[in-house]
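Coordinate inspection notes
Here are the chains, one letter per residue:
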Amino acid sequence: MIDCQNILDNTYQKVLKMEHVGDVASYIPELSTVNPDQFGVCLITKNGEQFTCGDATVKFSIQSIAKVLSLSLVLSKIGDKLWERMDFEPSGTAFNSLVQLESENGIPRNPLINAGAIVMCDIICDLFDDPKTALLDYVREVSGIKDLQYATDIAASEQATGYRNYALANFIKSFENIHNTCNQVTDLYFHLCSIEMTCEQLAYTFGFLANQGKQIKTDMKVVKPAQAKRINAIMQTCGFYDEAGEFAFRVGLPGKSGVGGGMVAILPNAFSIAVWSPKLNKHGNSYRGMKFLEYFTDETQDTVF
Ligand code: DON
């Protein structure tokens, strides 16, 4: 990409100079200890060229961004049978909302809200004898981070305070859309969300979505091309919960956020970009992350629209 580093640097400086509002997530106590001023960016093209700015090599909690990896694992194992257990429609509600489940009989709107990710964790518990190890091995393989571990302090912190997720699991189980015990399922879910990566690692990990389902550099097949298309579609419509419309409007790329302040966006057949800044807006998405991606795609016109 012509001048990519230059445009990234200019966009980074522009966002740095702006007012820095928002709050670091504190409902998971361990997340509130992070330095809120860290700000990193990494873009990787499908040809393996990499561009970075700021704190691109600092590890952070990827939280809900990891739901995309549980989705790619489940889709690669059971394909369209997944849609017997959940839908693929945007929810328009907060990531941890319970409201739609009551009228929709325990069928989550999509795999990227907490309800959907909890059902995917139930499916992973059905698929593997040791689901936590299997999930970690899978993320190690896709990311190429051979020594990746769960951040057990973050998992334990959420385990101690994750009341809404316990409520979601129990509520969904009352509709028989959870087969394992709620404790098994929430334990896997909290560990999934605890995974840490740097912007460099995250941009690389999500490269397969910019490369028709094959990991960039290694050519490892993560999902089929049609499944990569569908994951991108779900990220576009559901990746930012009740801010998905705004993210499409401002950024115009499939993306996924996490309450650790990370954000990934994909331009299919071109690049994967990760941005991290811990202060969140009122929808739980990184304040600077949104601004950065909006200004970047306005400047480059690298958007799906
Ligand atoms: O379940 C939770 O509340 C967190 N482990 C993940 C939420 C999250 O990252 C929402 N994303 N913006």
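Structure first, text after, so check above.
Cut-offs used in this document
- Residues numbered from 1 in each chain as written.
- Predicted model: local features only at pLDDT ≥ 70, side-chain atom pairs only at ≥ 80, totals over all residues.
- Heavy atoms only, no water.
- Helix = DSSP H or I, 4+ residues; strand = E, 2+ residues; numbered from the N terminus.
- Expected span 1.5 Å × (residues − 1).
- Buried < 20%, exposed > 50% of the residue type's maximum accessible area, 1.4 Å probe, protein only.
- Contact = heavy atoms within 4.5 Å.
- Pairing = 2+ DSSP bridges.
- Axes fitted to C-alpha atoms, helices over the stretch in contact; angles between N-to-C directions.
- Polar contact = N/O pair within 3.5 Å; in protein donor to acceptor, adjacent residues only side chain to side chain.
- Near = heavy atom within 4 Å.
- Parallel < 35°, antiparallel > 145°, perpendicular 65-115°, else oblique.
- Left-handed = near helix turned anticlockwise from the far one by under 90°.
- Nonpolar A, V, L, I, M, F, W, Y, C, P; charged D, E, K, R; others polar.
- Phe/Tyr/Trp six-rings, centres within 6.5 Å; stacked < 30°, edge-to-face > 60°.
- Lys NZ or Arg CZ within 6 Å of the ring centre and 35° of its normal.

Quick reminder: α-helices carry 3.6 residues per turn. Residues three or four places apart thus point the same way. Over its 14 residues, helix α12 (residues 287-300) extends 20 Å from the first C-alpha to the last, a length consistent with the 20 Å expected when each residue adds 1.5 Å. Taken across its 14 residues, α12 has 10 buried, putting it largely inside the fold. Listing the buried residues of α12 in full gives Tyr287, Arg288, Gly289, Met290, Phe292, Leu293, Glu294, Phe296, Thr297 and Thr300. The inward-facing, buried residues of α12 abut α1 (4-17), β1 (40-45), α11 (244-250), β6 (262-267) and β7 (271-276). Among the residues trailing α12, Gln301 stands out with phi positive, at a value near 60°.

Attention now moves to the pairing of β6. Across the six residues of β6, six count as buried, placing the element largely inside the fold. Here β6 shows two buried faces, one formed by Gly262, Val264 and Ile266 and the other by Met263, Ala265 and Leu267. Direction of pairing for strand β5 (residues 255-257) relative to β6: antiparallel, over a ladder of three bridges. Residue pairing for β6: Lys256 is matched across the bridge by Val264. Here β5 folds back onto β6, and the loop between the two strands holds four residues, one of which, Gly261, carries a positive phi near 95°.

Pairing within the open sheet is antiparallel, and its five strands lie in the order β2-β1-β7-β6-β5. Either end of the sheet is taken by a strand with one partner, and the two such strands are β2 (50-54) and β5. Strand after strand, the sheet turns through a mean of 10° between neighbouring axes, direction not considered. Taken together, the six bridges between β6 and β7 define a ladder with antiparallel strand orientation. Note that in β7 the partner of Gly262 across the bridge is Trp276. The strands that α1 touches are β1, β2 and β7; relative to β2, the one it contacts most, it runs at about 20°.

With that out of the way, let us pick up the environment of Ala56. Residue placement: Ala56 occurs in the loop between β2 and β3 (60-61). Exposure remark for Ala56: the relative accessible area of 2% places this residue in the buried category. The sequence separation of Ala56 and Leu43 amounts to 13 residues, and the corresponding C-alpha distance is 9.8 Å. Setting aside anything within four residues of it in sequence, one finds Ala56 in contact with Gly40, Val41, Thr198, Cys199 and Glu200.

What follows deals with the side chain of Asp122. For Asp122, the location among the structural elements is in helix α4 (residues 114-127). On the basis of relative accessibility, which here comes to 0%, the residue Asp122 falls in the buried class. In this structure the side chain of Asp122 is engaged in a polar contact, spanning 2.7 Å, whose partner is the side chain of Arg85. For Asp122, the side chain forms a polar contact with the side chain of Asn180, separated by 2.7 Å. In this structure, Asp122 is in contact with Arg85, Asn177, Ile178, His179, Asn180 and Val185, ignoring residues within four places of it in sequence.

In the vicinity of the ligand, 16 residues are found, and the nearest of them are Tyr27, Gln63, Ser64, Glu158 and Tyr189. Between Tyr241 and the ligand, the recorded distance is 3.2 Å, taken from a side-chain N or O atom to a nitrogen atom.

To continue, consider unusual backbone geometry. Of note, Asp219 is a non-glycine position whose phi angle comes to about 65°, a positive value. When you line up the elements, Asp219 lands in the loop between α9 (199-205) and α10 (225-238). Even without being glycine, Asn269 reaches a positive phi, approximately 70°. Mapped onto the fold, Asn269 is located in the loop between β6 and β7.

The next thing to look at is the packing of helix α6 (residues 152-161) against helix α8 (residues 182-194). The geometry of α6 relative to α8 is characterised by a closest axis approach of 8 Å and an angle of 135° between their N-to-C directions. Here α8 runs oblique to α6, going by the angle between their axes. Classified by chirality, the crossing of α8 by α6 is right-handed. Contact residues: Ile154, Ala155, Glu158 and Gln159 in α6; Asp187, Tyr189, Phe190, His191, Cys193 and Ser194 in α8. Looking at the contact of α6 with α8, its residues break down into five nonpolar, three polar and two charged.

A word on the packing of aromatic side chains. Summed over all chains, the structure comprises 12 aromatic pairs. When the ring of Phe39 is compared with that of Phe292, the centres are 6.3 Å apart and the planes differ by 85°; the resulting orientation is edge-to-face. Separated by 253 residues along the polypeptide, Phe39 in the loop between α1 and β1 and Phe292 in helix α12 bring together distant segments of the chain. Each member of the aromatic cluster is reached from another via a ring pair, and the members are Tyr12, Phe39, Phe271, Phe292 and Phe296. The residue whose ring lies beneath Lys14 is Tyr295, and the NZ or CZ to ring-centre distance is 4.1 Å.

The analysis is restricted to geometry; functional conclusions fall outside its scope.
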